Each structure stands twice: as structure tokens, then as C-alpha cells.
Amino acid sequence: MGLQKQSRRWQWFPEAMMTIAHTLGELRNSQFSEQRTLRRGVKDELRENLLARLKAGGPVFEGIVGYDDTVIPQLVNAVLSRHNFILLGLRGQAKSRILRALTTLLDEQAPYIAGCEIRDNPYAPLCRHCKDVLAREGDRTPIAWMKRNERYVEKLATPDVTIADLIGDIDPIKAARGGHELGNELVIHYGLLPRANRGIFAVNELPDLAGKIQVGLFNIMQEGDVQIKGFPVRLPLDVALVFSANPEDYTARGKIITPLKDRIGSEIRTHYPATIEEGMAITAQESWCQRGGAELMVPAYVRETAEQIAFIARADKRVDKRSGVSQRLPISVVENVISNAERRAVHEGSSLAVPRISDIYAAMPSITGKLELGYEGEIKGADAVAREIIQASVAKTFDRYFGPGDLKQVVQWFELGGQVTLTDNTTTHDGLKSMEKIQGLLEKTGKVGAGKDDAPEIIVSAAEFILEGLHAHKRIGRTEDRVFTSGDKQPHLIERDDNHAEVDAEWAQRKKNRRPFN
Ligand SMILES: [Zn+2]
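Rules behind the numbers
- Residues numbered from 1 in each chain as written.
- Predicted model: local features only at pLDDT ≥ 70, side-chain atom pairs only at ≥ 80, totals over all residues.
- Heavy atoms only, no water.
- Pairing = 2+ DSSP bridges.
- Helix = DSSP H or I, 4+ residues; strand = E, 2+ residues; numbered from the N terminus.
- Axes fitted to C-alpha atoms, helices over the stretch in contact; angles between N-to-C directions.
- Contact = heavy atoms within 4.5 Å.
- Core = buried A, V, L, I, M, F, W, Y, C linked by side-chain atoms within 4.5 Å.
- Buried < 20%, exposed > 50% of the residue type's maximum accessible area, 1.4 Å probe, protein only.
- Donors = N, O, S within 2.8 Å, 3.2 Å for Na, K, Ca; no water.
- Tetrahedral: all angles 85-135°; square planar, octahedral: opposite > 155°, others 65-115°.
- Expected span 1.5 Å × (residues − 1).

**Remarks on the sheet that holds strand β4 (residues 152-156)**
What the five strands build is an open sheet, ordered β4-β7-β10-β1-β11; its pairing is parallel. What marks the edges here is a single partner per strand, and that holds for β4 and β11 (266-269). Neighbour to neighbour, the strand axes of the sheet diverge by 20 degrees on average, direction disregarded. With six bridges connecting them, strand β7 (residues 199-204) and strand β10 (residues 239-245) associate as parallel partners. Paired with Phe-201 across the two strands is Leu-241, which belongs to β10. Lying over the sheet, helix α5 (residues 71-80) contacts β1 (85-88) and β11, oriented at roughly 165 degrees with respect to β11.

Have a look at this one:
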């Protein structure tokens, strides 16, 4: 009851009113009184500030999209329960981002004893240095302040992390300089965990930590303190421990010591965006689009296609399920696609950059490295797999705008022998001239948001999307050199390409089917 009252009163202090104490004496008479600060651990702090945020309404964490009904409620419960917790998910599911966002639940500033390596609580110091200063100086003990981001320590677990890195060791240089004996607490070199004292300690990819290091973590969770080898002291650290891991690594037998698993209060599963719209919202938020230079207009179908690539790749059998397909893939694709359009705009001296589907094919370098392929995919080759995935993405996006019976006139134009070349380097002027030749094409661009009065860059991109869509559905052909044709009539042009070999096979099949039965 008393605590509740106190925390309510706490919320009335606007940040600007906070007195910045410079000595322990001043601190005693501030909001950070002994009564309030002595036993308020970092997990209490996270909990109190979270409760305040929940009461205020609005999002728990800014900029985290698609987790409102799944991850966020579980995360809130874990923090309210004062748990150490783990986020289980594939790469690119915003795990690190969520862990970092926890810092926004810390107080704006927190006091510690000035000069302390482990940023001791002024009312209950752990280290020998601070105990000595406090005994000597009393209320004149100098106080320093740490900001939120200074209270977050992150470590990527790798098999070579040692106990010394994590917990600490003897520092022989300190010993030599100070003339102290080894074994004297003043010669401790503190590891990452003690340095995270009164803050958040995040370990990414927890299963990659060696077993004995996991034991070290287990000790701090179980006993609430750590012991540094060779020193007769125990440090009851105040740390919120948070972890992330790939779910399969985490559940694999022998990767995590059972007692450690047992001490992790909550296990929270992250996931990829559930819908294209959520994915696009994340990608739009995370990708670098406001660049200066040429004016930029990214058509919706380009954004949709870029996002579909991730969705289709995640479902593709040739892509390794264990590693997943990071959200960083569509983000990098969109960035590269914009760059290719920028490049074209500079080249032709245009003040408007409008990405095309061909810019997505040109963005291959941002795709292949992010696909972890299985055996079958490796045989086929990353480029071929990526091209097929892009093509499938174009087809799926196309279906959001057009039905299978649409655009017959355009297909007919090709069947009558028409052909046009349109590459990512084709200028807007030349592109528009080619597109105008195709009967029935430009009157359809309105359906994808490009009206007659729009800039030619926009119209060319829209027209190209329609052709790419027809090609992706194999209703027209397209060579490796980006010549759109009736695939039916010029198979010799497209024999070389793997992709098109399939198209060819299908065309051959269709022709066979059309043959009368007599
Ligand atoms: Zn200290």
C-alpha cells in the first residue's frame, strides 16, 4: 500500500523539476531518498515505469509494428512479473530492437557513486572502492548520474566468450600500479555483467554461450550474486537479464543447461509480420527513403512486390526454414530499388525518381545474401532461386490489381508479333515511346495508380509492371535482355535462360494441349 502511494507521487515530478544532486547528502533530500532508492531494483523500476505507461495509454513501445496482440502483451506480463526473459525467434524479427526498447522503461537518470566501475547504488555500494569512500566521506560522497542508454549492455554470445569477459578477473596492471596484493578487491577487473549492474544485460543468441558461462549466468539468477574467481567477495548484482535465441537452437538438447532454462521466467515467441500490409509498414519505417536529391515516388506495387519477396521466400521449400528470411531483406530491397531509380534519374537528368519492377531485379545483391538455401536451392543457385521468387512476387502483386482475363488486347499485340525492349536503364522518354506502341496498355495503367496526367516516369513504371505481371503469369514472354515478346513465337530467343526454359516447357505443353484429338 505504502509503495503504491509513493509511486503515484513519483509520477507527479516533471523531469525538469528533478533536482540533480551532487553529493549523497543532497541526494537524501531529493526524490531519490534512501527510502525510495535503497531497495528499488532495476526490475522494480522497469515495472513501475511500465505501469505508468500503461495507465497513460498509447503504445508500450514506439515503432514496434505487428506485435500488439502477440508479443507485446507477453512482454508486458514478463516485465510486470519482474522476470528475466528470453525472446525466441528467427532472424530479423525485431528481437534486438525490443530488448533495446526496454531502456525506455528506465528512469531518465539514475544516481550512482561517482567513479564507480559498477555504478553502485549510493545507499548500498558493493565494491570496496565505494565502501571506502562512503566510510570516509559520508554525506559528502560525490554522486554521478547515468542516462538510460548507459544502463544497457548487450553481448552477442559466441563460443569464445570467457568467464573473465563476462564476470571478471584479476587485473594485474591494477595490482602493480596500486601496490595491492592479488586477492585485494581493488584489483578486480570487472566483466560485462558487473558493469551492467543496475541496468539491463542482454545476451543475444544465448545457446552459443559455452556451458560453464551459462552456469555463471545461472548463479546470478539463482543466488542473486556472482563471485569473481580468486576473490573472497560475492557481488549481489542488480541486473535485469534478457536473452534472445533461435527457437530451434534453444530447444535443441544440450544447447542450454537445464537449470538456466528453468530460471528464465518467461519465454516469448516472436514472429514475422502476419500480413503484407504489416510487413510494408515495417519496411517503410525502417528503410532509408528520405534522401534529398531527386524527388522520389515509390509506387505501391513496387513496395508490395518487394514485401512479397520476403513472404514467398519464407514459404519456399528451397529456403532453409531454420534461419528464416529476415525483415531486413525487403528493407534492403526497397533501399536498393530506390537507389537504382535514383541512378536512372541522375543519368537522364530527371528531377523525379520512380522505381520500376526491373529495379527489383537489379536489386538482386540485396536478396541473394539474405537467403539461406537448402540443398535443392544450392544446386539451383542463389541467383536463379531469387529470380524465381521475384517473378512469383510480381505475379502475386499483379493479382491484386488484375484478373486472369484482363489485358487480352495487350497479350494479343504481342501474339501478333509485337516486341519491345525495356530495361532498368531505358530512359523514360524511350520507355514511354515503346509503351505507347502497345495497343491497350496505357489505358490500363490507371488501375495501378498512374493516370494520363501523371509524370511519364510514373506511367512507364506502371506500364512495365503490367508487362512484368503478364510475363510472370507466362501470358507473354521476356528474354534475358528484357525484350518482351510473345513467348510462344520466339522460343529461340529464350533458350539460354533457366527461368525461361521452364516457360518454354509450359508453352510447349499448352500447344500440345491445344492440338485437336483427331
Ligand atoms: Zn562502487
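Now that the structure has been shown, we can carry on.
**Considerations on the nonpolar core**
Judged by nonpolar contacts, the single largest core of 58 residues is most densely connected at Leu-371, Phe-414, Ile-438 and Leu-467. The set of elements that each furnish at least two residues to this core consists of α15 (300-315), α16 (328-348), α17 (357-362), α20 (382-398), α21 (408-415) and α23 (456-472). No other element matches α23, which puts ten residues into this core. Those residues in contact with Phe-414 that lie beyond four places of it in its chain are Gln-419, Val-420, Ile-438, Leu-467, Ile-476, Phe-484, Thr-485 and Ser-486. With 46 residues, the next largest nonpolar core counts Val-153, Ala-175, Tyr-190 and Leu-206 among its residues.

**Points about the sheet that holds strand β14 (residues 420-421)**
Spatially, the three strands line up as an open sheet ordered β14-β16-β15, and their pairing is antiparallel. Here the strands that pair on one side only, and so sit at the sheet edges, are β14 and β15 (477-478). With two bridges joining them, β15 and strand β16 (residues 483-485) adopt antiparallel strand pairing. Residue pairing for β16: Gly-477 is matched across the bridge by Thr-485.

**As for the coordination of the zinc ion**
Of the protein atoms, only Cys-116 (SG), Asp-120 (OD), Cys-127 (SG) and Cys-130 (SG) coordinate the zinc ion, at distances of 2.1 to 2.2 Å. For the zinc ion, the four donor atoms in the first shell make angles of 103 to 124 degrees at the metal, so the coordination geometry reads as tetrahedral. The sequence pattern formed by the donor residues of the zinc ion is C-x3-D-x6-C-x2-C. For the pair formed by Cys-116 and Asp-120, the shared burial category is buried.

**Overview of α15**
The end-to-end C-alpha distance of α15 is 23 Å, a good match for the 22 Å that 16 residues give at a rise of 1.5 Å each. Of all 16 residues making up α15, twelve are buried, and the element is well covered by its neighbours. Within α15, burial applies to Tyr-301, Val-302, Glu-304, Thr-305, Ala-306, Glu-307, Gln-308, Ile-309, Ala-310, Ile-312, Ala-313 and Arg-314. Against the buried residues of α15 lie α14 (276-286), α16, α17, α18 (365-368), α20 and α23.

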